[in-house]
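The primary structure of each chain is shown beneath.
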Amino acid sequence: MTGEGERLAELAKRRGFFLQSAGAYGGVSGFYTYGPEGGALKDNLEAAWRDRYVTREGHMEISSPDVMPEAVFEASGHLDTFDDMLVECGECGQSHRADHLVEDNTDIEEAESLSNERIAEIITEEDITCPSCGTALAGQAVEDFNLMFETNIGPGSSSPGYLRPETAQGIFVEFPQWAEYARNQLPFGVAQIGKAYRNEISPRKSIIRVREFTQAELEHFIDPEDDQPPLERVEDVVIPLYSIGSQQDDEGVIEEMTVREAVDESVVESPWIAYYLGLSKGWYERVGVDMERFRYRQHLPDERSHYASDCWDAEAELGGDWIEITGFAYRSDYDLRKHDEHSDEDYTVFKQYDEPVTVERATVDPEMSYLGPEFGGDAEGVAEALDALAGRDPDAFDGDEVIVDVDGSKYTIPVEQTGFEMEEVTESGEHIMPHVVEPSFGVGRLVYTVLAHAYWTETVDGEERTVLSLEPKIAPTTVGVFPLMDKDGLAERARSVAADLRAAGLAVEYDDSGAIGRRYRRQDEVGTPFCVTVDYDTMEDDTVTIRDRDSRSQARVAIDDLAATVADLRDGVQSFEDL
């Protein structure tokens, strides 16, 4: 971990942001507990996300179980493709994530996009050793390791299940219900904030790479032919893009361009992805991501998830490394199609035409008196395959015989026994499979990013002052309240002020311990944007001193106006200079 990371980890543990779980028992890698400050910061980030991506966009929010049956992940492809690269040390037996070892020991930035064979070659070429014992890893096999946490649902092992590796499948598997709630009108979005679990080979970098984490995901279902995003809302937003072309260029740079330019020049292929890149940039700024340490990076072709036709990551610079904080993927109809194929539910929506149309439609009416004796128990499957083939490829029935595939077995049927014919039908609409646009946010990584980007120090009166310049709406505590002295009725008055501020819905920390300067420092260190001091003048004129965290400026405010003033400062309605 870098010097920045070490300082942040020390502050996070000491001041109650986050710490490794089960420390009394030696800790467990990849699991973290959020303390009072971190829990509040995380909650505020989630509330800000919900406000932007659910409330303001008019989407719905759901909450699905953390454990789902095996069939869900067989359909989604996670059991076959959700793997990382593992290399095991032949000396000490420790397992390591092979692509991370390559990134740590070479100039290669995105080793995940390389094949297992190439990673093994690089480990040998660069003489990469085991981080645990120093033994050379040359010649050790690089193998796929599935990241799914397996469990059993109920007693015994007859009903296997898995902890979900993403919240998305909980949305996709129930799509028929969400479509009904949306009155089958595309486009519509379904959002979810919840836990996900991945059995990482080598968790590292504090809460950046863990085994249990929180995702905030939006699945936006669209008609790929007719639905277009409201690009005009964000078309002038300038976004920093690190495209495939730039990454493959030895001198590739981040290109600054507007959302409209990115779409018109096909740098971002999907207008929907471009819309969310533009929308999200403003949100990142509002929650405190430093735009000088931020970019959107396009996934290389070999790096994309199995479901994504195009994907961009929002990345933040942390300790000299670029870390993904959000993935923006165009998932096409992959997920809905898979669940449609594997389940008994219909994952389409009915698209009404403006006017009825007359079309030629291929139909089959197989002679079951022929299929039954000929194919026995497979007859029904053959009939279903014939029906599907007629809809997909009517020309297949042009000859004397037609061949269909049922569970890998080929069957030949005389066309005269299929009842195939072309007939004219009048249709008022059609069933279509929606496509999906997905912004997926890692909440823990956002917590870490806003802390890292807000952290700074300075020397004041010979002492170091540590400051977290958190955005006021995101900060765990909005205002600290102190009595100047714990006597002469000041403490009682300060407690009364704190109670009134809490009643107004503000997050308040009361502190009467130690010198006033120390109390200011404690609040600066946890990011509290404003502090209020009750002093002897308060007892005379019912005013208090309010102090700004970053500038250390102070002003007098009437107690009757205090709650409204602090709320306006928090919400950006007025600035501290206005006081």
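Look up a bit, the structure's there.
Residues numbered from 1 in each chain as written. Predicted model: local features only at pLDDT ≥ 70, side-chain atom pairs only at ≥ 80, totals over all residues. Heavy atoms only, no water.

Draft legend 1. Local environment of the nonpolar core. Among the nonpolar cores identified, the biggest contains 64 residues, and Trp49, Leu241, Tyr284 and Tyr296 are the most heavily contacted of them. It is helix H11 (residues 271-287) that contributes the most residues to this core, ten residues altogether. In contact with Trp49, other than residues within four places in its own chain, are Val54, Ala191, Ile193, Ala216, Glu217, Leu218, Trp283 and Phe441. Counting 26 residues, the second-largest nonpolar core is a separate cluster that includes Met68, Phe73, Trp178 and Phe221. (Core = buried A, V, L, I, M, F, W, Y, C linked by side-chain atoms within 4.5 Å. Buried < 20%, exposed > 50% of the residue type's maximum accessible area, 1.4 Å probe, protein only. Helix = DSSP H or I, 4+ residues; strand = E, 2+ residues; numbered from the N terminus. Contact = heavy atoms within 4.5 Å.)

Draft legend 2. Representation of the packing of aromatic side chains. With the rule as written, the count across this model stands at 26 aromatic pairs. When the centroid spacing of 5.9 Å and the interplanar angle of 70 degrees are considered together, the rings of Tyr53 and Trp283 count as edge-to-face. Residue Tyr53 is located in helix H2 (residues 36-55), and its partner Trp283 is located in helix H11; the two are separated by 230 residues in the primary sequence. Each member of the pair, Tyr53 as well as Trp283, carries the same accessibility label: buried. Note on Tyr53 and Phe441: the rings are 5.0 Å apart at their centroids and 55 degrees apart in plane angle, and the pair reads as tilted. Of this pair, Tyr53 sits in helix H2 while Phe441 sits in strand S21 (residues 435-442), and the two are 388 residues apart along the sequence. (Phe/Tyr/Trp six-rings, centres within 6.5 Å; stacked < 30°, edge-to-face > 60°.)

Draft legend 3. View of the sheet that holds strand S27 (residues 543-548). If you walk across this open sheet you meet the five strands as S25-S24-S26-S27-S28, and the pairing is mixed. For this open sheet the edge positions go to strand S25 (508-510) and strand S28 (554-558), each flanked by a neighbour on one side alone. For this sheet, the mean inter-axis angle between neighbouring strands, taken without regard to orientation, is 25 degrees. In terms of strand pairing, strand S24 (residues 479-483) meets S25 through three bridges, oriented parallel. Its bridge partner being in S25, Val481 is matched across the sheet by Tyr510. Sheet strands touched by helix H17 (residues 516-525): S24, S25, strand S26 (530-534), S27 and S28. Its angle to S24, the strand with the most contacts, is close to 170 degrees. (Pairing = 2+ DSSP bridges. Axes fitted to C-alpha atoms, helices over the stretch in contact; angles between N-to-C directions.)

Draft legend 4. Representation of the environment of Glu269 in the model. Within the secondary structure layout, Glu269 lies in the loop between helix H10 (259-264) and H11. Distance in space between the C-alpha atoms of Glu269 and Cys311 is 9.7 Å, their sequence separation being 42 residues.

Draft legend 5. Just a negative patch on the surface, in detail. Taken together, the side chains of Glu88, Glu117, Glu143 and Asp144 make up a negatively charged region of the molecular surface. Tracing the sequence through the fold places Asp144 in strand S7 (residues 142-146). Owing to a relative accessible area of 52%, Asp144 belongs among the exposed residues under this scheme. (Patch = residues over 30% accessible without salt bridge, like charges linked within 9 Å, V, L, I, M, F, W, Y side chains within 5 Å. Areas by Shrake-Rupley, 256 points an atom, 1.4 Å probe, with all protein chains shown as cover. Salt bridge = Lys/Arg side-chain N within 4 Å of Asp/Glu carboxyl O. Lys, Arg positive; Asp, Glu negative; His and termini not counted. Charge placed at Lys NZ, Arg CZ, Asp CG, Glu CD.)

Draft legend 6. The arrangement of the environment of Lys205 in detail. Among the secondary structure elements, Lys205 is positioned in the loop between strand S10 (188-197) and strand S11 (212-222). Given a relative accessible area of 29%, Lys205 falls into the partly exposed group. Taking the C-alpha atoms as reference points, Lys205 and Gly319, 114 residues apart in sequence, are found 9.9 Å from one another. Within the structure, Lys205 has its side chain in polar contact with the side chain of Asp321 (distance 2.6 Å). (Polar contact = N/O pair within 3.5 Å; in protein donor to acceptor, adjacent residues only side chain to side chain.)

Draft legend 7. Representation of a nonpolar patch on the surface in the model. A contiguous nonpolar surface patch, about 240 Å² in accessible area, is contributed by Leu484, Met485 and Tyr536. Inspection of the secondary structure puts Met485 in the loop between S24 and helix H16 (490-503).

Draft legend 8. Focus on the side chain of Arg164. Among the secondary structure elements, Arg164 is positioned in the loop between strand S9 (160-163) and helix H7 (168-172). Classification of Arg164 by relative accessible area gives buried; the value is 2%. Not counting residues within four places of it along the chain, the set of residues in contact with Arg164 comprises Ser64, Pro65, Asp66, Phe73, Gln192, Gly194, Lys195, Ala196 and Tyr197.

Draft legend 9. Structural detail: the packing of helix H5 (residues 98-105) against helix H6 (residues 116-125). Here H5 crosses H6 at 40 degrees, and the two axes come no closer than 10 Å. Of the possible angle classes, the one that applies to H5 and H6 is oblique. Taken as a pair, H5 and H6 cross one another with a handedness that is left-handed. Of H6, the residues touching H5 (which contributes Ala98, Asp99 and Val102) are Ile119, Ile122 and Ile123. Its residues placed into classes, the contact of H5 with H6 shows five nonpolar, no polar and one charged. (Parallel < 35°, antiparallel > 145°, perpendicular 65-115°, else oblique. Left-handed = near helix turned anticlockwise from the far one by under 90°. Nonpolar A, V, L, I, M, F, W, Y, C, P; charged D, E, K, R; others polar.)

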